[in-house]
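Results of the structural survey
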Amino acid sequence: MGRQPVNVTKETDKTLDPDPVIIRKQVGIWEFSTIKQPRFDLFRRWEEIVSGIQLFLRLVTEVSTISRTLLLFFALSQLWEGVETAILMHLSSSLLQIVEAGIRDGKADTLAILLAIVSRLYCLAFAATLNWWT
């Protein structure tokens, strides 16, 4: 098997930013494109962060003037989505620890097991309701 010729071309993408350079590499029938970014510019990144924060604050104020209640529910549902898995994992772990202690001691604590199951089911029902709502 002989080696295929490799063609490398460089282009500047004028639509996005004059700084990045697109490098296209032709290997056989495959064409690989990579973007060579300019050096890290702290001042430019800071301007982008400030601009993004200003746009985010504008979005929040406009949405909050439309409906504060829906904005609050949305924020709470996003918060719940972030901690839902951790809470369910904690409830499962506590249930398993109670069962393990019952097996080890030879006496099951039925009330603790029942409370752990009910709390996990309640949490699952709440999560399902929120997932249906959003």
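Residues numbered from 1 in each chain as written. Predicted model: local features only at pLDDT ≥ 70, side-chain atom pairs only at ≥ 80, totals over all residues. Heavy atoms only, no water.

Some thoughts on a nonpolar patch on the surface
Heads up, the rule is: A patch consists of residues exposed above 30% relative accessible area that lack any salt bridge, with like charges linked at up to 9 Å and nonpolar side chains (Val, Leu, Ile, Met, Phe, Trp, Tyr) linked at up to 5 Å. Every accessible area reported is derived by Shrake-Rupley at a probe size of 1.4 Å, with residue values counting cover from the shown protein chains alone. Salt bridges are counted wherever a side-chain nitrogen of Lys or Arg sits within 4 Å of a carboxyl oxygen of Asp or Glu. Where helices and strands are cited, they refer to DSSP runs of H or I of at least four residues and of E of at least two residues respectively, numbered from the N terminus.
Side chains of Leu70, Leu72, Phe73, Leu76, Leu79, Val83, Ile87, Trp132 and Trp133 sit close together on the surface and give an oily, nonpolar patch of about 960 Å² of accessible area. Looking at the nonpolar patch, the elements that each hand over two or more residues are helix 2 (68–105) and helix 3 (110–133). For the nonpolar patch, the leading source of residues is helix 2, giving seven residues. By the secondary structure assignment, Trp132 is in helix 3.

Digging into helix 2
Put simply, the rule reads: For a helix, the expected span equals 1.5 Å multiplied by the number of residues minus one. Note on bend: at a given residue it equals the angle between the axes fitted to the 7 residues ending there and to the 7 starting there. To sort residues, take the accessible area from a 1.4 Å probe on protein chains only and compare it with the maximum for the residue type: under 20% means buried, over 50% means exposed, and anything in between is partly exposed. The contact rule is simple, with two residues in contact once any of their heavy atoms fall within 4.5 Å.
The terminal C-alpha atoms of helix 2 lie 53 Å apart, and with 38 residues this matches the ideal 56 Å at 1.5 Å per residue to within 8%. Helix geometry: helix 2 is bent most strongly at Val83, by close to 45 degrees. Buried within helix 2 we find Ser77, Trp80, Glu84, Leu88, Leu91, Ser92, Leu95 and Gly102. Where helix 2 is buried, its residues meet helix 3.

Observations concerning the environment of Ile87
Tracing the chain through its elements places Ile87 in helix 2. For Ile87, a relative accessible area of 33% puts it in the partly exposed group. On a C-alpha basis, the gap between Ile87 and Arg120 in space is 9.0 Å, while along the polypeptide they are 33 residues apart. Ile87 has contacts with Trp80 and Cys123, leaving out every residue within four places of it along the chain.

Some points on the packing of helix 2 against helix 3
Counted only if it meets this: For helices, the fitted line uses only the C-alpha atoms of the stretch in contact; every axis is such a line through C-alpha atoms, and the angle between N-to-C directions lies from 0 to 180 degrees. An angle counts as roughly parallel when it lies under 35 degrees, as roughly antiparallel when it exceeds 145, as roughly perpendicular when it falls between 65 and 115, and as oblique in every other case. Each helix crossing is assigned a hand: it is left-handed if the near helix lies turned anticlockwise from the far helix by less than a right angle, otherwise right-handed if that turn is clockwise. For this classification, the nonpolar set comprises Ala, Val, Leu, Ile, Met, Phe, Trp, Tyr, Cys and Pro, the charged set comprises Asp, Glu, Lys and Arg, and every other residue, Gly included, is treated as polar.
Axis separation between helix 2 and helix 3 bottoms out at 10 Å; the angle between their running directions is 155 degrees. Compared by their axis directions, helix 2 and helix 3 come out roughly antiparallel. When you trace helix 2 past helix 3, the crossing you get is left-handed. Per-class residue counts for the contact of helix 2 with helix 3 are 18 nonpolar, four polar and two charged.

Structural notes on the pattern of salt bridges
The final tally for this structure, using the stated rule, is four salt bridges. Sharing partners across several salt bridges, the network here consists of Arg44, Arg45 and Glu48.

Quick notes on the confidence of the model for the protein
Regions with low pLDDT should not have their predicted coordinates read in detail. For clarity, the threshold we go by: The quantity called pLDDT is the predictor's confidence in a given residue, expressed from 0 to 100.
Of all residues in the protein, 85% have pLDDT values of 70 or greater, and the mean over the chain is 84. When pLDDT is averaged over each element of the protein, helix 1 (residues 42–66) comes out on top at 91 and strand 1 (residues 6–12) at the bottom at 54.

Observations concerning the pairing of strand 2 (residues 21–27)
Filter applied, for reference: For two strands to be treated as a pair, DSSP must find no fewer than two bridges joining them.
For strand 2 and strand 3 (residues 30–36), the ladder comprises seven bridges, and the chain directions are antiparallel. Directly across from Gln26, in strand 3, lies its bridge partner Glu31.

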